[in-house]
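# Reading the structure
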Amino acid sequence: MAENKKIILTGDRPTGKLHIGHYVGSLKRRVELQNSGEFDEIYIMLADAQALTDNADNPAKIRDNIMEVALDYLSVGIDPAKSNIFIQSHVAELTELSFYYMNLVTVSRLQRNPTVKAEIQMRNFETSIPVGFFTYPISQAADITAFKATVVPVGEDQMPMLEQTKEIVHKFNAVYGETLVDPQILLPSNKACLRLPGTDGKAKMSKSLGNAIYLADTEADVKKKVMSMFTDPDHIRVEDPGKLEGNTVFTYLDAFCNEDHFAEYLPDYANLDELKAHYQRGGLGDVKVKKFLNNVLQEELSPIRARRAEYEKNIEAVYEILKKGSEAASAKAAETLREVKAAMKINYFDDPTFLEEQKRK
Ligand code: TRP
């Protein structure tokens, strides 16, 4: 049980293509962790079953986005030789674990989960919450514990899910004996990366708001989106002093740029602090800053685009990657489920003492 392995589990709901907010919020970190060589096992999940908890009437949307998100993963550098990319619904053990964990969580605890609360509001579910949706934090605990994950690299919005998972782990271990592994959440260290705003300055990037830059966007798409980005509405003439607060272009630069970018594309400035100071003083136009941001983003996104194009030429290979990853994930989850059932003493046919006890009665 206590193997002391270092294991990563993380994932995304396949409800749409991934954008650069996902990238700086989590994907980039996953690739760094993967390539650090510090982890014994890595599992990256397409959370289709969770996506269905609020899309039950639209399974086609989930199906269409499986391949899309898999391509996003591969294109940012998730390497199938090092990481298992798998499909949640393929791992039946996860639903079985969820069913047992449900006994360890109260309805009022789920009602207090801030992410669930916010999502219920966002979807106008107040009076008609699907039970499956309501309980998805429990299924997320199953996802994490099934793989004995020690580290879960996710965006900040997933914090309450991790807390819920930890509670389930503690409760399970207290009731049935040390079985499950207590996971650690890993958030981005750069603050600007915690929640990248949309190109319109609104708090969240989303498909419905049309304010997202996607990893799959073409070079021209990205440029167009950057050049029409929200800045400081009072910064009208170049001479005007500009504000940085709520200025999306600068938030993106905080998330993406480094000193090498200045040397390469904007050598009049040594770093972002100098650029910011000039903007605040006045005399620096938005267009110049946007062109710089465009260069910075294109540099980051062009290798991603190139890798995607390669994988798109060979969708069958991607299909095989998902199939293999899902098989590996199932095997791992089955092992954990066996341990869970043993701890709960419901492993009747694996446990020779069961029959002995019954005969003695
Ligand atoms: N809730 C995550 C999202 O909305 C997806 C997810 C499901 C997940 N299970 C998980 C993430 C377990 C990390 C760990 O994208």
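Residues numbered from 1 in each chain as written. Predicted model: local features only at pLDDT ≥ 70, side-chain atom pairs only at ≥ 80, totals over all residues. Heavy atoms only, no water.

### Side note on the site of the ligand
The ligand sits among 14 residues. The nearest are Met45, Gln50, Gln140, Asp143 and Gln158. Side-chain polar atom of arginine 13 to an oxygen atom of the ligand: 3.2 Å apart, as the coordinates give it. Between the ligand and glutamine 140, the relevant distance is 3.1 Å, taken from a nitrogen atom to a side-chain nitrogen or oxygen of the residue. Secondary structure elements with two or more residues in the shell around the ligand: strand E1 (7-12) and helix H8 (136-146). Broken down by element, the residue count for the shell around the ligand peaks at four residues, all from E1. Broken down by class, the residue content of the shell around the ligand amounts to six nonpolar, five polar and three charged. (Near = heavy atom within 4 Å. Polar contact = N/O pair within 3.5 Å; in protein donor to acceptor, adjacent residues only side chain to side chain. Helix = DSSP H or I, 4+ residues; strand = E, 2+ residues; numbered from the N terminus. Nonpolar A, V, L, I, M, F, W, Y, C, P; charged D, E, K, R; others polar.)

### Some words on the domain arrangement of the chain
Per the domain assignment, the segments making up the chain are domain 1 (7-193 + 316-360) and domain 2 (219-310). Here domain 1 and domain 2 have C-alpha centroids that lie 36 Å from each other. Residue-level contacts link 14 residues of domain 1 with 11 residues of domain 2. Together domain 1 and domain 2 conceal approximately 1000 Å² of surface at their shared face, both sides included; 60% is due to carbon and sulfur atoms. At the junction of domain 1 with domain 2, the criterion picks out three salt bridges. Among the ionic pairs, arginine 308 bridges to aspartate 72, the shortest N-O distance being 2.1 Å. Those elements that place two or more of their residues in the side of domain 1 that touches domain 2 are helix H1 (20-36) and helix H3 (59-76). It is H3 that contributes the most residues to the side of domain 1 that touches domain 2, six residues altogether. A breakdown of the residues in the side of domain 1 that touches domain 2 according to their chemical character gives eight nonpolar, three polar and three charged. (Domains from an automatic or database assignment. Contact = heavy atoms within 4.5 Å. Buried area = accessible area lost by both parts, 1.4 Å probe. Salt bridge = Lys/Arg side-chain N within 4 Å of Asp/Glu carboxyl O.)

### Considerations on the pattern of salt bridges
Enumeration over the complete set of coordinates arrives at 21 salt bridges. Where lysine 5 meets glutamate 41, a salt bridge forms, and the shortest distance between an N and an O atom there is 2.7 Å. Taken together, the residues span a long stretch of sequence, with lysine 5 in the segment before E1 and glutamate 41 in strand E2 (residues 41-46) at a distance of 36 residues. Residue arginine 308 is joined to glutamate 68 by a salt bridge in which the shortest nitrogen-to-oxygen separation is 3.3 Å. With arginine 308 in helix H14 (residues 286-312) and glutamate 68 in helix H3, the pair connects residues that are 240 residues apart, well separated along the chain.

### Observations concerning the pairing of E1
Burial analysis of E1 places five of its six residues in the buried class, the great majority of the element. Two elements, E1 and E2, share six bridges in a ladder whose sense is parallel. Pairing of isoleucine 8 across the sheet is with isoleucine 42, part of E2. Read as a crossover between parallel neighbours, the route from E1 over H1 to E2 is right-handed. (Buried < 20%, exposed > 50% of the residue type's maximum accessible area, 1.4 Å probe, protein only. Pairing = 2+ DSSP bridges. Right-handed = clockwise from strand over helix to strand, strands pointing away.)

### A word on the packing of aromatic side chains
To describe a pair of aromatic rings, you give the distance between the ring centres and the angle between the ring planes. With the rule as written, the count across this model stands at nine aromatic pairs. A network of ring pairs unites the aromatic residues Tyr43, Phe86 and Phe147 as a single cluster. Across the ring face of phenylalanine 39, the terminal group of lysine 6 is positioned such that the distance to the ring centre comes to 5.3 Å. Here the guanidinium or amino end of arginine 13 rests over the ring plane of tyrosine 136, the centre of that ring lying 4.7 Å away. (Phe/Tyr/Trp six-rings, centres within 6.5 Å; stacked < 30°, edge-to-face > 60°. Lys NZ or Arg CZ within 6 Å of the ring centre and 35° of its normal.)

### What to know about the side chain of glutamate 41
Judged by relative accessible area, which is 14%, glutamate 41 ranks as buried. There is a polar contact of 2.7 Å between the side chain of glutamate 41 and the side chain of lysine 5. With near-sequence residues (within four places) excluded, glutamate 41 lies in contact with Lys5, Lys6, Ile7, Ile8 and Lys332.

### Re the environment of lysine 361
Within the secondary structure layout, lysine 361 lies in the segment after helix H16 (352-360). One polar contact links lysine 361 to glutamine 358, side chain to side chain, over a distance of 3.2 Å.

### A few points about the side chain of glutamine 34
As for its position among the elements, glutamine 34 is in helix H1. Residue classification places glutamine 34 among the buried positions, given a relative accessible area of 5%. Within polar-contact distance, the side chain of glutamine 34 engages the backbone oxygen of glycine 77 at 3.0 Å. Excluding its chain neighbours within four sequence positions, the residues that come into contact with glutamine 34 are Ile42, Gly77, Ile78, Asp79, Lys82 and Ser83.

### Considerations on the nonpolar core
Nonpolar side chains tend toward joint burial in soluble globular proteins. The biggest cluster of nonpolar side chains holds 59 residues, and the ones touching the most others in it are Ile20, Leu253 and Leu275. Excluding residues that lie within four positions of it along the chain, leucine 253 makes contacts with Leu272, Leu275, Val289, Phe292, Leu293 and Val296. The next biggest cluster of nonpolar side chains, apart from the first, holds 35 residues, and it includes Ile7, Ala141, Leu162 and Ala333. (Core = buried A, V, L, I, M, F, W, Y, C linked by side-chain atoms within 4.5 Å.)

### Considerations on the packing of H1 against helix H11 (residues 248-256)
Remark: H1 packs on H11, axes separated minimally by 11 Å, with the N-to-C direction vectors making an angle of 40°. Considering how the two elements wind past one another, H1 and H11 form a crossing that is left-handed. Of H11, the residues touching H1 (which contributes Ile20, Tyr23 and Val24) are Tyr252, Ala255 and Phe256. When grouped by side-chain class, the residues that make up the contact of H1 with H11 number six nonpolar, no polar and no charged. (Axes fitted to C-alpha atoms, helices over the stretch in contact; angles between N-to-C directions. Left-handed = near helix turned anticlockwise from the far one by under 90°.)

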